[in-house]
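The chain contents come next:
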Amino acid sequence: MLFAPNVELLFSEAGEDYADRIRAAGAAGFTAVEFWGPLGRDLPSRPKDIPAVAAALEETGVSLVAQLAEPRTQFMIPPRDHSEFYRGLDEGVEIARRLGNRRIVVQSGTGFPGASRASQLDDLAEVFTKAVAQIEGSGITLVLEPVNTRVDHPGSLVDRTGDAVYVARCVGSPYFGVLFDLYHSTVEGEDTAAVLANAGGLVKYVQFADAPGRGEPGSGAIDWPARLRDIMDAGYDGPIGLEYTPTQDSAASTQYIRGVLDRLHTSR
């Protein structure tokens, strides 16, 4: 397991410059990072100096493992004009390839109360099937993130892991999968082992924050040794984004979860 701090939230001690935050993450021993939208078109993300970020990644040997698709789109809200999403996707893919990133996170937007949930999930699958076809040959994988409706994203269409799994199965491409965010899943009351078993090999990215509070692992009530075992037992061995608001110094906030992982490896 490779932890990737989100430099929108972590290593802000290094200043506003994302390149400096990447350097700070590298100095703290991380070999991967993630961030939100590279162009900062959606709040609270901010624009990145792409040449400076590319230079910092090369200088430190740190890899970028995830970014958000821009702009965020309300796919199911009339008039359902998705042209800006598809245009922005091409731009995002170009930036991702320049930065060596192979993963772009997409979300569903809110559901439309005038249509059934099932029909909207089918329509969303059509949107992403077209998106995958559009970027064919790029080597980029799109990952759909379910986000909780109970605290952070009221009205989101895809709020449960099973919904994202359904859409991914409909898309049916190795370049489309599910982002399993343990924070959102926990807030929704999901059984981690059960939803991961249902997902099979469709989970192509994982993110961590504790709940309640969305702080660093160890700051809330999640049983981290148990949840890490669930993820390892499900066969996921890719990077894990640390997407939380730290309650202490960024480097110190990662010590607990790194320690849990080390102890699990030692015990196996």
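Computed from a predicted structure; not experimentally measured. (Residues numbered from 1 in each chain as written. Predicted model: local features only at pLDDT ≥ 70, side-chain atom pairs only at ≥ 80, totals over all residues. Heavy atoms only, no water.)

Caption draft 1: Quick look at helix H8 (residues 224-233). Residues Trp224, Ala226, Leu228, Asp230, Ile231 and Met232 constitute the buried set of H8. Next to the buried residues of H8 lie helix H6 (182-187), helix H7 (192-199), strand E7 (203-208) and helix H10 (255-267). A distance of 3.3 Å separates the backbone nitrogen of Ala226 from a side-chain oxygen at the start of H8, and that oxygen is part of Asp223. Directly beyond the C-terminal end of H8, a positive phi value near 90° is found at Gly235. (Buried < 20%, exposed > 50% of the residue type's maximum accessible area, 1.4 Å probe, protein only. Helix = DSSP H or I, 4+ residues; strand = E, 2+ residues; numbered from the N terminus. Contact = heavy atoms within 4.5 Å. Polar contact = N/O pair within 3.5 Å; in protein donor to acceptor, adjacent residues only side chain to side chain.)

Caption draft 2: The environment of Tyr18, seen in detail. Note that Tyr18 resides in helix H1 (residues 18-27). Take Tyr18: its relative accessible area is 4%, and that puts it in the buried class. Along the sequence, Tyr18 and Ala52 sit 34 residues apart, while their C-alpha atoms lie 8.3 Å from each other. When sequence neighbours within four positions are dropped, the list of residues in contact with Tyr18 reads Val7, Glu8, Arg46, Pro47, Lys48 and Val53. There is a polar contact of 3.5 Å between the side chain of Tyr18 and the side chain of Arg46.

Caption draft 3: How the structure looks around helix H2 (residues 50-60). When we look at burial in H2, the residues that qualify are Ile50, Val53, Ala56 and Leu57. Projected down its long axis, H2 shows its buried positions confined to an angular sector of 125°, all on one face. With respect to the buried face of H2, the exposed residues turned more than 90 degrees away are Glu58 and Glu59. Contacts made by the buried residues of H2 are with H1, strand E2 (32-34), strand E3 (63-68) and helix H3 (83-99). (Arc of directions from axis to C-beta.)

Caption draft 4: Spatial organisation of the pattern of salt bridges. Scanning all chains against the criterion turns up 17 salt bridges. In this structure, Glu91 engages Arg41 in a salt bridge whose closest nitrogen and oxygen atoms are separated by 3.0 Å. A residue pair is termed long-range when its members are at least 10 positions apart, and Glu91 in helix H3 and Arg41 in the loop between E2 and H2 qualify at 50 residues. For Arg41, a relative accessible area of 39% puts it in the partly exposed group. The salt bridge partner of Arg117 is Asp159, with a shortest N-O separation of 2.7 Å. Taken together, the positions of Arg117 in helix H4 (residues 117-134) and Asp159 in the loop between strand E5 (141-144) and helix H5 (161-171) put the pair 42 residues apart, joining distant regions of the chain. On the basis of relative accessibility, which here comes to 32%, the residue Arg117 falls in the partly exposed class. Shared partners join several salt bridges into a network, and the residues in it are Arg41, Glu84, Arg87 and Glu91. (Salt bridge = Lys/Arg side-chain N within 4 Å of Asp/Glu carboxyl O.)

Caption draft 5: Broad picture of the pairing of strand E4 (residues 103-106). Burial along E4 is two-sided: the face carrying Arg103 and Val105 and the face carrying Ile104 and Val106 are both buried. Each parallel crossover has a hand, and for E3 linked through H3 to E4 it is right-handed. In terms of strand pairing, E4 meets E5 through four bridges, oriented parallel. Bridge pairing in E5 places Ile104 opposite Leu142. (Right-handed = clockwise from strand over helix to strand, strands pointing away. Pairing = 2+ DSSP bridges.)

Caption draft 6: Structural detail: the sheet that holds E2. A sheet is described by the order of its strands in space; here eight strands give the open sequence E1-E8-E7-E6-E5-E4-E3-E2, paired in parallel fashion. Two strands lie at the open edges of the sheet, namely strand E1 (2-5) and E2, each paired on one side alone. Shown here is a sheet whose adjacent strand axes are inclined to one another by a mean of 30°, direction ignored. As defined by bridge partners, E3 adjoins E4 across two bridges and the pair is classed as parallel. What sits directly across from Gln67, in E4, is Ile104. Sheet contacts for H5: E5 and strand E6 (176-181); angle to E6, the most-contacted strand, approximately 170°. (Axes fitted to C-alpha atoms, helices over the stretch in contact; angles between N-to-C directions.)

Caption draft 7: Examining the packing of H1 against H2 more closely. Where H1 contacts H2, the two axes come as close as 8 Å, and the packing angle between them is 15°. Here H1 is positioned roughly parallel relative to H2, judged by the angle of their axes. Viewed along their axes, H1 and H2 form a crossing whose handedness is right-handed. Across the interface between the two elements, Tyr18, Ala19, Ile22 and Arg23 from H1 touch Ala52, Val53, Ala56, Leu57, Glu59 and Thr60 from H2. Its residues assigned to classes, the contact of H1 with H2 comprises seven nonpolar, one polar and two charged. (Parallel < 35°, antiparallel > 145°, perpendicular 65-115°, else oblique. Left-handed = near helix turned anticlockwise from the far one by under 90°. Nonpolar A, V, L, I, M, F, W, Y, C, P; charged D, E, K, R; others polar.)

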